[in-house]
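# Results of the structural survey
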Amino acid sequence: MKKIFGILTILMLLFTGCGNNSDSVKKLKLAHALTEGHPVHLAMVEFAKEVKDKTDGKVEILIFPNGQLGGEREITELMQAGAIDMIKTNAGPMESFAKEYSVLSLPYLFKDIHQNLAVLKSDIGEDILNATIDRGFIGLTFYNSGTRNMYTKKPVKSVTDLNGMKIRVQTSKTMVKMTELLGGSPSPLSFGEIYTALQQGVVDGAENNLISYAESKHYEVAPYFTFDAHSISPDVMIMNTKAWNKLTEDEQKIIKQAALNSFDYQNKIWFETEDKLVDSLKAQGVQFFEVDQNEFVEKVQPLYNDVMKDPLIKTYVERIREFKY
């Protein structure tokens, strides 16, 4: 019944696009796969409130959380088709649309999360957000997605422990290559499939940030969490350019500024939530491990030998490495 309801909902959206709004209110559909308690969703609620307030109710953002309209791949396709106006996805899968996004998934590129956030708010981040304008959608803002770490069904205390382990990764060439270099066997799966895949032994582990690990309850089937911080790949909110172009110039400015404001709001909630999680997860039986990060850094260097051959990627990597904050 849930599948039938989902299909009917999607069909309804296909016939009720942005252009069919009432004369007085432009209703924009925003979909994502996170829970309603997630910092990103809470930031989007604030975003929607600000847009409605600043436009005097003329633009309304309707948020569809919890994967109601599908996983990240499905909602991206729906946005491309114009059935959804806006979505939240991770930067990793976005590299298939614009290679600029692949820079954000490169392992151990950023000094720490704070440099990452500063870069995202700089002209470097804005250049990446605008890289898909001619591909049918535009980036509005990034969201803090923390550091990505390995979590597994058996302990990983050093990089050699990953040898032969089947690790779920995003649909990202960068993440696939990185996992191979670390000794693992990458298995691209949608986020909604991870729990069952871990439970049934289809994969031995996955990689993500601490909050997603907790929110998804993946700790129930993969109770070992390794702080290797291999990547700091952010989330991103993107919008269909046809829907964007139907807005007035003032409405576009309001939406853009509200999106940037929601990034700042989300960062605050993110760090507050993350700080509380370790003790909570330990109480649930999770074991945490710190590792020698240098072992991991050394293993992934061949990835840079390849990507730095691309002049565009090389330029972005150098801009980030030279970035002062």
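Described in the following lines is the structure provided in the data block. (Residues numbered from 1 in each chain as written. Predicted model: local features only at pLDDT ≥ 70, side-chain atom pairs only at ≥ 80, totals over all residues. Heavy atoms only, no water.)

### Concerning the layout of surface pockets
Selection criterion: Only protein atoms enter the 1 Å grid, on which a cavity is a set of points fitting a 1.4 Å probe that cannot get out and a pocket is an open set with protein on both sides within 12 Å along at least 5 of 7 lines, lining residues being those with an atom within 4 Å of a point. Grid points are joined across faces, edges and corners, and a volume is the space filled by probe spheres set on the points. Labels follow the DSSP assignment, with helices taken as runs of H or I lasting at least four residues and strands as runs of E lasting at least two, numbered in each case from the N terminus. Note on residue categories: nonpolar means Ala, Val, Leu, Ile, Met, Phe, Trp, Tyr, Cys or Pro, charged means Asp, Glu, Lys or Arg, and polar means any other residue, Gly included.
Quantified by volume, the second largest pocket comes out at close to 250 Å³. If you trace the second largest pocket, you find it lined by Glu95, Ser96, Lys99, Ser102, Thr171, Ser172, Lys173, Thr174, Leu303, Asp306, Val307 and Ile313. For the lining of the second largest pocket, the elements supplying multiple residues, two or more each, are helix H7 (173–181) and helix H13 (301–307). The greatest single-element share of the lining of the second largest pocket, amounting to three residues, is contributed by H13. Residue composition of the lining of the second largest pocket, by class: three nonpolar, five polar and four charged.

### Section: the sheet that holds strand E1 (residues 26–31)
Spelled out, the test is: Any two strands with at least two DSSP bridges between them are considered paired. Here the axes come from fitting lines to C-alpha atoms, over the contacting stretch only for helices, and the angles between their N-to-C directions go from 0 to 180 degrees. Working rule for contacts: check all heavy atoms of both residues, and any pair within 4.5 Å makes them a contact.
Across the sheet, five strands lie side by side as E2-E1-E3-E10-E4; this open sheet has mixed pairing. Two strands bound the open sheet, and with one partner strand each, they are strand E2 (59–64) and strand E4 (137–143). Here the strands of the sheet are splayed against their neighbours by 25° on average, with no regard to which way each runs. In this sheet, strand E10 (residues 235–240) lies alongside strand E3 (residues 86–90) in antiparallel orientation, the contact comprising five bridges. Within the sheet, the bridge partner assigned to Ile87 lies in E10 and is Ile238. Sheet contacts for helix H11 (residues 249–283): E1, E2, E4 and E10; angle to E4, the most-contacted strand, approximately 25°.

### Overview of the packing of helix H2 (residues 39–54) against H11
This is how the line gets drawn: Oblique is the label for any angle not covered by the other classes, which are roughly parallel (under 35 degrees), roughly antiparallel (over 145) and roughly perpendicular (65 to 115). By definition, any crossing whose near helix is turned counterclockwise from its far helix by less than a right angle is left-handed, and any crossing with a clockwise turn is right-handed.
For the pair H2 and H11, interaxial distance at closest approach is 8 Å and the crossing angle is 150°. The pairing of H2 with H11 is recorded here as roughly antiparallel in orientation. Both H2 and H11 take part in a crossing whose hand is right-handed. From H2, Pro39, Val40, Leu42, Ala43, Glu46, Phe47, Glu50, Val51 and Lys54 reach across to H11, where they touch Ile254, Ile255, Gln257, Ala258, Ala259, Asn261, Ser262, Tyr265, Gln266, Ile269, Trp270 and Thr273. A breakdown of the residues in the contact of H2 with H11 according to their chemical character gives 13 nonpolar, five polar and three charged.

### Some remarks on unusual backbone geometry
Test applied: Here the term buried applies to any residue with accessible area under 20% of the maximum for its type, exposed to any over 50%, and partly exposed to those in between, with areas from a 1.4 Å probe on protein chains only.
For Asp56, which is not glycine, the phi torsion reads 55° and is therefore positive. Take Asp56: it is sitting in the loop between H2 and E2. A relative accessible area of 68% places Asp56 in the exposed class. The backbone phi angle of Tyr108 is positive, close to 55°, even though this residue is not glycine. Assignment of secondary structure puts Tyr108 in the loop between helix H4 (91–94) and helix H5 (113–120). Tyr108 sits in the buried class, given a relative accessible area of 18%.

### A look at the sheet that holds strand E8 (residues 205–208)
One open sheet holds the six strands; their spatial order is E7-E6-E8-E5-E9-E11, and the pairing between them is mixed. Among the strands making up the open sheet, the edge pair consists of strand E7 (185–188) and strand E11 (287–290). Going across the sheet, the axis of each strand differs from the next one's by a mean of 30°, ignoring polarity. Examined bridge by bridge, strand E6 (residues 166–169) and E8 share two bridges and lie parallel to one another. Looking at the pairing, Ile167 lines up with Gly205 of E8. With respect to the sheet, H7 is in contact with strand E5 (148–152), E6, E7, E8 and strand E9 (224–231), its orientation differing from that of E7 by roughly 155°.

### Description of empty space enclosed by the protein
Using the criterion set out here, one finds one cavity of 30 Å³ or more in the structure. Volume-wise, the largest cavity comes out at about 40 Å³. The wall of the largest cavity is formed by Leu120, Lys121, Leu129, Thr141, Phe142, Leu260 and Phe263. If you list the elements that add at least two residues to the lining of the largest cavity, you get E4 and H11. A breakdown of the residues in the lining of the largest cavity according to their chemical character gives five nonpolar, one polar and one charged.

### Regarding the pairing of E9
On a regular strand, each side chain points to the face opposite its neighbour's, so the side chains alternate between the two faces of the sheet. Within E9, six of the eight residues are buried, which leaves the element mostly enclosed by the surrounding structure. Taken together, the four bridges between E5 and E9 define a ladder with antiparallel strand orientation. Looking at E9, one finds that Met150 is bridged to Thr226.

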